[in-house]
Every structure is written in structure tokens, then in C-alpha cells.
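Here is what each chain is made of, one letter per residue.
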Amino acid sequence: YPISLQNLILQAHDTLGYPKDYFAGAILYAASVAVGNNASVELKVGWQESPALFLALVGKPGTNKSSPITFAIKPLLKADKESQERFREEDALYRKQEKDADALKPTLKKHLVSDFTPEVLAQILQDNPKGIGVYVDELSSWISNFNRYHSGNEEQFWLSTWSQKTLIQDRKSSP
């Protein structure tokens, strides 16, 4: 029978001990990744917003922050694993047919990334125009990794990403 989100949150709280607010936030995050740029809301004429959501579950150690998000993103992780397997098969076939000018190079479709550079994220977004979710278990590790490979403008990159500004990347190392 269909279950409401409210009942799911309450049952997860009662049976698994998930804090209601963390689990509700995790579900909203997973839903925003699943929807991506496929839908938007027009707040007023000419102003549209898609359901991009930045979520940080903040609490003391041991307050069960990781389990609710892990549960909520499980379908996205499963879809990404299946997509990775399809990509490997398609890529192997493509490499065999590489001399065929009509063969289309496969792209990896995915929902989530965890460990990446802004340059790699730009390529992933090019292959996934619907959008991508960033999942990092520890907020402090995400922030401490800003500019880990070079001094740069990663903080500004994320501020632009949050407001869904177009990313224009012109580097010698990438097309």
C-alpha cells in the first residue's frame, strides 16, 4: 500500500532511530537530485528555479546523521552502479568499433559524486545536463578540500553553482 513521506519519516524514527529532521532533509536532498533540472518552478514571470538543494546535517557526534542520508540516497547509488555497468559494456563495444566513424562514444550517466575536482565536475555535468548531486559524508572534509590541488577559486565556484550560474571553463588541459 502507498506510504506517505510523513509515515515513512515517523516509522524510520520509531524503528531505526533516525532523527526526523535529518531524515526529512535527506529525503528532500535525494528527491532534488532525482528531479534535477527536469522541473522548475516559475516564482514570477522570467524567474525560474529548479529544486537544487544544498544540505548539511549538523549535529554532535553520535546523533545519527549519516544513516538517514545513506538510506535516502540508496536508490541513486543503485542507479549509478547499474549505469556504471552499462557504461563499461558500451565503452568496451565502442573501443572495438573505434574505427567506425558513426560510433558514438558512450557517456557515463550518474546522479552522485563524492571525490572530484571542479574540472572533473565540469566534464561530469557536460555528460549529465540534468544535474548531479554532491555527497560528502563529512562537511569539514568537503570544505577542507577546497583548493587542495591548486590555489584557486573553489569557494566562488560553489557559490556560483548554488545559484546555478553557467560554468564556463577554459583551460589548456580540457576542451
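Figured I'd write up the structure that's included with this text. Model, not experiment: these values are computed from the prediction.

## Regarding helix H2 (residues 20–35)
Counted at 1.5 Å a residue, the expected span for H2 with its 16 residues is 22 Å, and the 22 Å between its end C-alpha atoms agrees. Those residues of H2 that fall on the buried side of the exposure criterion are Tyr-22, Phe-23, Gly-25, Ala-26, Ile-27, Tyr-29, Ala-30, Ser-32 and Val-33. Just beyond H2, the residue with positive phi is Gly-36, at close to 55°.

## Some words on the packing of aromatic side chains
All told, the structure shown has three aromatic pairs when counted by the stated rule. Measuring from ring centre to ring centre gives 6.1 Å for Tyr-18 and Phe-71, while their planes differ by 65°; the resulting arrangement is edge-to-face. Of this pair, Tyr-18 sits in the loop between helix H1 (5–16) and H2 while Phe-71 sits in helix H3 (residues 66–96); the two residues are 53 residues apart in sequence, bridging distant segments of the chain. The class of Phe-71 is partly exposed, set by a relative accessible area of 37%.

## Observations regarding the side chain of Asp-127
Looking at where Asp-127 falls in the secondary structure, it is placed in helix H4 (residues 118–127). Within the buried core, Asp-127 has no salt-bridge partner, and the shortest N-O distance to an opposite charge, that of Lys-109, equals 6.1 Å. When sequence neighbours within four positions are dropped, the list of residues in contact with Asp-127 reads Thr-107, Leu-108 and Lys-109.

## With respect to the environment of Pro-75
Summarising the element assignment, Pro-75 is placed in helix H3. As for Pro-75 and Ala-34, which are separated by 41 residues in sequence, their C-alpha atoms are 9.4 Å apart.

## Topic: the pattern of salt bridges
Pairs can form between side chains of opposite charge once their charged atoms are near each other. Overall, the coordinates contain one salt bridge when judged by the stated rule. Taking the shortest distance from any N to any O, the salt bridge between Arg-95 and Asp-91 comes out at 2.9 Å. Highlighted residues: Arg-95 and Asp-91, both in helix H3, separated by four residues, approximately one helical turn. Residue Arg-95 is classed as exposed on the basis of its relative accessible area of 55%. When its relative accessible area of 13% is taken as the criterion, Asp-91 is described as buried.

## Details of the packing of H1 against H2
Between H1 and H2, the shortest axis-to-axis distance is 9 Å and the interhelical angle comes to 135°. One element, H1, and the other, H2, form an angle in the oblique class. For the crossing formed where H1 meets H2, the hand is right-handed. Side by side, H1 and H2 meet where Leu-5, Leu-8, Ile-9, Leu-10, Ala-12 and His-13 of the first sit next to Lys-20, Phe-23, Ala-24 and Ile-27 of the second. Here the contact of H1 with H2 is composed, by residue class, of eight nonpolar, one polar and one charged.

Scoring rules and cut-offs
Residues numbered from 1 in each chain as written. Predicted model: local features only at pLDDT ≥ 70, side-chain atom pairs only at ≥ 80, totals over all residues. Heavy atoms only, no water. Helix = DSSP H or I, 4+ residues; strand = E, 2+ residues; numbered from the N terminus. Expected span 1.5 Å × (residues − 1). Buried < 20%, exposed > 50% of the residue type's maximum accessible area, 1.4 Å probe, protein only. Phe/Tyr/Trp six-rings, centres within 6.5 Å; stacked < 30°, edge-to-face > 60°. Lys, Arg positive; Asp, Glu negative; His and termini not counted. Salt bridge = Lys/Arg side-chain N within 4 Å of Asp/Glu carboxyl O. Contact = heavy atoms within 4.5 Å. Axes fitted to C-alpha atoms, helices over the stretch in contact; angles between N-to-C directions. Parallel < 35°, antiparallel > 145°, perpendicular 65-115°, else oblique. Left-handed = near helix turned anticlockwise from the far one by under 90°. Nonpolar A, V, L, I, M, F, W, Y, C, P; charged D, E, K, R; others polar.

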